[in-house]
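# Geometric and topological summary
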Amino acid sequence: MTSLPEKLAEMSRSAGVKSAYGDPIQIDGVTLVPVAIVNYGFGGGDSGDQGSGGGGGGAAIPIGAYVKSAGTVRFEPNVISLLAVGIPFI
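Given the structure is predicted, the values throughout are model-derived calculations rather than measurements.

## Thoughts on unusual backbone geometry
In this structure, Asp28 takes a positive phi of about 50° despite not being glycine. Relative to the helices and strands, Asp28 resides in the loop between strand S1 (25–27) and strand S2 (30–46). Here the phi dihedral of Ala70 falls at roughly 50°; this positive angle occurs in a residue that is not glycine. Counting through the fold element by element, Ala70 comes out in the loop between strand S3 (52–69) and strand S4 (72–77).

## Quick word on the side chain of Thr31
Its location among the elements puts Thr31 in strand S2. Overall, the relative accessible area of 17% leaves Thr31 in the buried class. For Thr31, the side chain forms a polar contact with the side chain of Gln26, separated by 2.7 Å. With sequence-adjacent residues up to four places away left out, Thr31 is seen in contact with Pro24, Ile25, Gln26, Tyr66, Val67 and Lys68.

## As for a nonpolar patch on the surface
The grouping of Val17, Tyr21, Tyr66, Val73 and Phe75 at the surface amounts to a nonpolar patch, some 480 Å² of accessible area in total. Residue classification places Tyr21 among the partly exposed residues on the basis of a relative accessible area of 36%.

## Notes on the sheet that holds S4
The strand order across the open sheet built from four strands is S1-S2-S3-S4, with neighbouring strands paired in antiparallel fashion. With partners counted over all chains shown, the strands left at the sheet margins are S1 and S4, one partner each. Strand-to-strand twist in this sheet, taken as the mean axis angle between neighbours without regard to direction, amounts to 30°. The pairing of S2 with S3 spans 16 bridges and is classified as antiparallel. If you follow Val35 over to S3, its bridge partner there is Gly64. In the packing of helix H3 (residues 79–86) onto the sheet, the strands contacted are S2, S3 and S4, and the crossing angle to S3 comes to about 140°.

## A closer look at the packing of aromatic side chains
Evaluation of the coordinates by the stated rule reveals one aromatic pair. Between Tyr66 and Phe75 the ring centres are 5.2 Å apart and the planes differ by 65°, which places this aromatic pair in the edge-to-face class.

Reading the values: the criteria
- Residues numbered from 1 in each chain as written.
- Predicted model: local features only at pLDDT ≥ 70, side-chain atom pairs only at ≥ 80, totals over all residues.
- Heavy atoms only, no water.
- Helix = DSSP H or I, 4+ residues; strand = E, 2+ residues; numbered from the N terminus.
- Buried < 20%, exposed > 50% of the residue type's maximum accessible area, 1.4 Å probe, protein only.
- Polar contact = N/O pair within 3.5 Å; in protein donor to acceptor, adjacent residues only side chain to side chain.
- Contact = heavy atoms within 4.5 Å.
- Patch = residues over 30% accessible without salt bridge, like charges linked within 9 Å, V, L, I, M, F, W, Y side chains within 5 Å.
- Areas by Shrake-Rupley, 256 points an atom, 1.4 Å probe, with all protein chains shown as cover.
- Salt bridge = Lys/Arg side-chain N within 4 Å of Asp/Glu carboxyl O.
- Pairing = 2+ DSSP bridges.
- Axes fitted to C-alpha atoms, helices over the stretch in contact; angles between N-to-C directions.
- Phe/Tyr/Trp six-rings, centres within 6.5 Å; stacked < 30°, edge-to-face > 60°.

Structural data, given as structure tokens:
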């Protein structure tokens, strides 16, 4: 059985740029690259003879896409997601 630190190390290898930027998609000569805010959280504990516990989770919020067409690249935001992400700051 794999220990918790080994599982966390294995999962963290996949957390990187590939998590935030999707694979390019071609539609009618236009290239789209999806962009997301990605976060992960993990916790663990041990109370001696009583046992131990742990947990984790993650979330990805699509915030927009880079759009390449006619030789130009621009960022097209997902306004609804950006508003949802920004509400805690208001």
